[in-house]
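Per-entry structural report
Here is what each chain is made of, one letter per residue.
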Amino acid sequence: MIPITVVDVRDAEDLVVEVLRSGAIAQGPMVKRFEEAFARVSGTKHAVAVNNGTTALVASLQVLDLKPGDEVVTSPFTFVATLNAILEAGATVRFADISRDDFAIDPDKVAAAIGPRTKVLMPVHLYGQTADMGKLAPLAAEHGLHLVEDSAQAVGASFQSRRAGSYGLGCFSLYATKNITTAEGGVITTDDDTLADRLRVLRNQGMRARYQYEVAGHNYRMTDLHAAVGIPQLEKLDELTSARQRNAARLTEGLAGTVGLELPAVLPGREHVWHQYTVLVGPHAMLSRDELAAALTERGIGNGIYYPKVVFDYDCYRNHPLIPEVSVDDVPVAKAVAEQALSLPVHPALSESDVDTIIATVREVLGA
Ligand SMILES: *Cc1c(COP(=O)(O)O)cnc(C)c1O
């Protein structure tokens, strides 16, 4: 069996034991160390650690002082946390369709979705490649919008040498299966001193100094135990990313020309960190996407469907007061991609022969 993800945090043992022995296990010096390392990796002045990636998104919106009725434009093709975070923050959600090239919001569709109440642009850097920041950042600036980047899947990715999460408020997830993990965890990156300060106060009950409350805050803190799990991975992020990139290149070489399969592209000027290697199974393939997924599972090749439906296409979001009338037909690219996307293993624990087995199995079941 070749799994779709492997979680390997064995190298954190010494640091975790150090925290356990210290008796100081909640937010403390290890979180600070993690934040410093993360800021270096993301090329930002600040990194603020929180308890998960969803919280990172919620907190980012909360420090932007949105008013009821203010709108966030985001992607309809994402993990549900993106949508839930916007709703939790009380903002109204507008969706802009994605591009089939990078699976992220299409700048032309974003331009059309911006209205008088739009305050935030929230692109999602899906599968490890950034959205088209060359167009989205100027668009946000032109309309006076805040940029909040859902960078949960894109730690280490870059667009024209600028790292994901360095264009605005960068929101990262450190969930078990993400490229860097602390089991559960999140980080917000920014170059803005004021926003970083507000985030630090907000995450700790709105408290500046002991019992001095500045805002109605929350407990969004990460623990030193969790930070200790992540530090060794940050130290070898380049190595982990290179392994993903090597695996992706080998998959692309081996799967090229398979009838009906559209392979993921690395777009010019972008560094892809391959959180997922996602193919599109088109109408000319011998099997449908779901049949291919089943055939691979049966043969011991792990795979995943990220994501099977457009994010708002569930009963709990229909007629939601913060989601103005929207239909899947308004986002035809996202709808088609949700029907065709299938992710194959690309993680650093794969051997070359694992990758070759994946290629041979996909080709065999597709009769190619
Ligand atoms: C994982 C993920 C999140 C949420 O992160 P959690 O740490 O699980 O809360 C948000 N957005 C995207 C795109 C994700 O993949």
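Quick caveat, the model's predicted, so the values are computed rather than measured. (Residues numbered from 1 in each chain as written. Predicted model: local features only at pLDDT ≥ 70, side-chain atom pairs only at ≥ 80, totals over all residues. Heavy atoms only, no water.)

1. A look at the domain arrangement of the protein
Selection criterion: For every domain, the bounds stem from an assignment made automatically or drawn from a database. Once two parts are put together, the accessible area they lose, assessed with a 1.4 Å probe and summed over both, is termed the buried area. When a carboxyl oxygen of Asp or Glu is within 4 Å of a side-chain nitrogen of Lys or Arg, the pair counts as a salt bridge. Think of a polar contact as two N or O atoms within 3.5 Å of one another; within protein, one of them needs to be a possible hydrogen donor and the other a possible acceptor, and neighboring residues in sequence only count if both atoms come from side chains. Secondary structure elements are taken from DSSP: a helix is a run of H or I of four residues or more, a strand is a run of E of two residues or more, and numbering for both begins at the N terminus. In this classification, Asp, Glu, Lys and Arg are treated as charged, Ala, Val, Leu, Ile, Met, Phe, Trp, Tyr, Cys and Pro as nonpolar, and every other residue, Gly included, as polar.
Taken as a whole, the protein is organised into domain 1 (10-235) and domain 2 (237-365). When domain 1 packs against domain 2, the two sides together hide about 3,600 Å² of surface, and 60% of this comes from carbon and sulfur. Counting the contacts that link domain 1 with domain 2 gives two salt bridges. Ionic pairing is found between R100 and E262, a salt bridge with its closest N-O pair at 2.9 Å. Where domain 1 packs against domain 2, one counts 23 residue pairs in polar contact (both at pLDDT 80 or more). Elements with a contribution of two residues or more to the side of domain 1 that touches domain 2: α4 (80-88), β3 (92-95), β6 (158-159) and α8 (224-235). Classifying every residue of the side of domain 1 that touches domain 2 by side-chain character gives 21 nonpolar, 16 polar and eight charged.

2. Concerning the environment of L251
Test applied: When accessible area is computed with a 1.4 Å probe and restricted to protein chains, residues below 20% of their type maximum are described as buried, those above 50% as exposed, and intermediate ones as partly exposed. The contact definition used throughout considers only heavy atoms, calling two residues in contact when any of these lie within 4.5 Å.
Of note, L251 is situated in helix α9 (residues 237-255). Overall, the relative accessible area of 0% leaves L251 in the buried class. Through-space distance from the C-alpha of L251 to that of E352 is 9.9 Å; in sequence the pair is 101 residues apart. The residues touching L251, leaving out its near neighbours within four places in the chain, are Y277, P345, V346, V355, I358 and I359.

3. Topic: the environment of E18
Its place among the elements puts E18 in helix α1 (residues 13-22). The exposure class of E18 is partly exposed, given its relative accessible area of 47%. Separated by 207 residues in sequence, E18 and L225 have C-alpha atoms that sit 9.2 Å apart.

4. Section: the site of the ligand
To keep things clear, this is the line we draw: What makes a residue near a molecule or strand is one non-hydrogen atom of that residue sitting within 4 Å of it. Method for areas: the Shrake-Rupley scheme with a 1.4 Å probe, in which residue coverage is limited to the protein chains shown.
Among the 16 residues in the neighbourhood of the ligand, the closest are listed as G53, T54, D150, S173 and K178. Separating an oxygen atom of the ligand from a side-chain N or O atom of T54 is a distance of 2.5 Å. Taking Q153, its side chain carries an N or O atom lying 2.9 Å from an oxygen atom of the ligand. In the complex, the protein chains occlude 93% of the 380 Å² of accessible area that the ligand would expose alone. Secondary structure elements with two or more residues in the shell around the ligand: α3 (53-62) and α4.

5. Details of the UniProt feature "modified residue: N6-(pyridoxal phosphate)lysine" (unreviewed entry) in the protein
Applicable threshold: UniProt positions are given in the numbering used here, feature names are shortened, and annotations may be inferred rather than shown by experiment.
Annotation from UniProt places "modified residue: N6-(pyridoxal phosphate)lysine" (unreviewed entry) at K178. With respect to the helices and strands, the residue K178 is situated in the loop between β8 (169-173) and β9 (186-190). Dropping the residues within four chain positions of it, K178 is found in contact with A152, Q153, S173 and H275. At 3.4 Å, the side chain of K178 and the side chain of S173 are in polar contact.

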